[in-house]
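In case you want the letters, here they are:
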Amino acid sequence: MTILKVLQYPDPFLREVADEVQASEINDALRKTINDMFETMYQESGGGLAATQVGIKKRFFIMDGSEKKDQRIVAINPEIIEEKGEIIDEEGCLSFPGVFAKVKRAEWVKMKALDENGEVFEMESDGYLGRCMQHELDHLNGITYFDHLSPLKRKMIEKKYKKVNQD
């Protein structure tokens, strides 16, 4: 497996809107990339990783919210088909290492996607996985969790980010 480079803010590629994955693209090459993404995410101690975060302009992400890191979820061409409630909770991001911020999200979501074999599935969740689905789907739309912050809060977090990530 290969460890991929996770793009860091303010890399302009993080603003790219990902293209839909075509049925013909769901193959062994994509599955290898997915495995590389899991290896990368686990090494970085993350819970989710979108293709755009590793420089791939395609609509898929991975996540694993388990403590043992043994519950891999692959979402290709994901879409939120239902959401309920509202909750504010802290988020971090592998593309923004070392900083966290409180972000408002739907409390519960239902997602429809394809798995790595091209099979349709639906998944519903609240808590960590529900938040992760929304966070990673945002990445595929060129949105970062910074975009959910007020201008003042964003400025404060950006200042902290620059301080934490000085070379």
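Overview of the structure. Since the structure is predicted, the reported quantities are computational estimates derived from the model, not experimental observations.

### Observations regarding the pairing of strand S3 (residues 73-84)
Here comes step 1: As paired elements, strand S2 (residues 60-63) and S3 share four bridges and run antiparallel to each other. From the neighbouring strand, Ile62 faces S3, where its bridge partner is Val74.
Here comes step 2: By the bridge criterion, six bridges tie S3 to strand S6 (residues 108-114) in an arrangement that is antiparallel. Note on S6: the bridge partner recorded for Ile80 is Met111.

### Regarding helix H3 (residues 151-164)
Each α-helix turn comprises 3.6 residues. Residues three or four places apart therefore point the same way.
Here comes step 1: Along its 14 residues, H3 runs 20 Å from first to last C-alpha, staying within 8% of the 20 Å computed at 1.5 Å per residue.
Here comes step 2: Looking only at H3, the buried set comprises Ile157, Glu158 and Tyr161. Down the axis of H3, the sector holding all buried residues measures 105 degrees, keeping them to one side. Exposed positions of H3 whose direction lies more than 90 degrees from the buried face are Leu152, Lys155, Lys159 and Lys163.
Here comes step 3: For H3, the secondary structure elements touched by its buried residues are strand S5 (101-105).

### Remarks on the sheet that holds strand S1 (residues 48-50)
Here comes step 1: Strand order in the open sheet made by the five strands is S1-S2-S3-S6-S7, with antiparallel pairing throughout. The open sheet has two free edges, formed respectively by S1 and strand S7 (120-126), since each of these has just one partner strand. Sheet twist, expressed as the average angle between the axes of neighbouring strands with direction ignored, equals 40 degrees.
Here comes step 2: Here S1 runs beside S2; their pairing, made up of three bridges, is antiparallel. Bridging from a neighbouring strand, Leu49 pairs with Ile62 of S2.
Here comes step 3: This element, helix H1 (residues 28-43), spans S1, S2 and S3 of the sheet and lies at about 45 degrees to S2.
Here comes step 4: Along the sheet, helix H2 (residues 127-140) makes contact with S1, S2, S3, S6 and S7, crossing S7 at roughly 120 degrees.

Criteria and cut-off values
- Residues numbered from 1 in each chain as written.
- Predicted model: local features only at pLDDT ≥ 70, side-chain atom pairs only at ≥ 80, totals over all residues.
- Heavy atoms only, no water.
- Pairing = 2+ DSSP bridges.
- Helix = DSSP H or I, 4+ residues; strand = E, 2+ residues; numbered from the N terminus.
- Expected span 1.5 Å × (residues − 1).
- Buried < 20%, exposed > 50% of the residue type's maximum accessible area, 1.4 Å probe, protein only.
- Arc of directions from axis to C-beta.
- Contact = heavy atoms within 4.5 Å.
- Axes fitted to C-alpha atoms, helices over the stretch in contact; angles between N-to-C directions.

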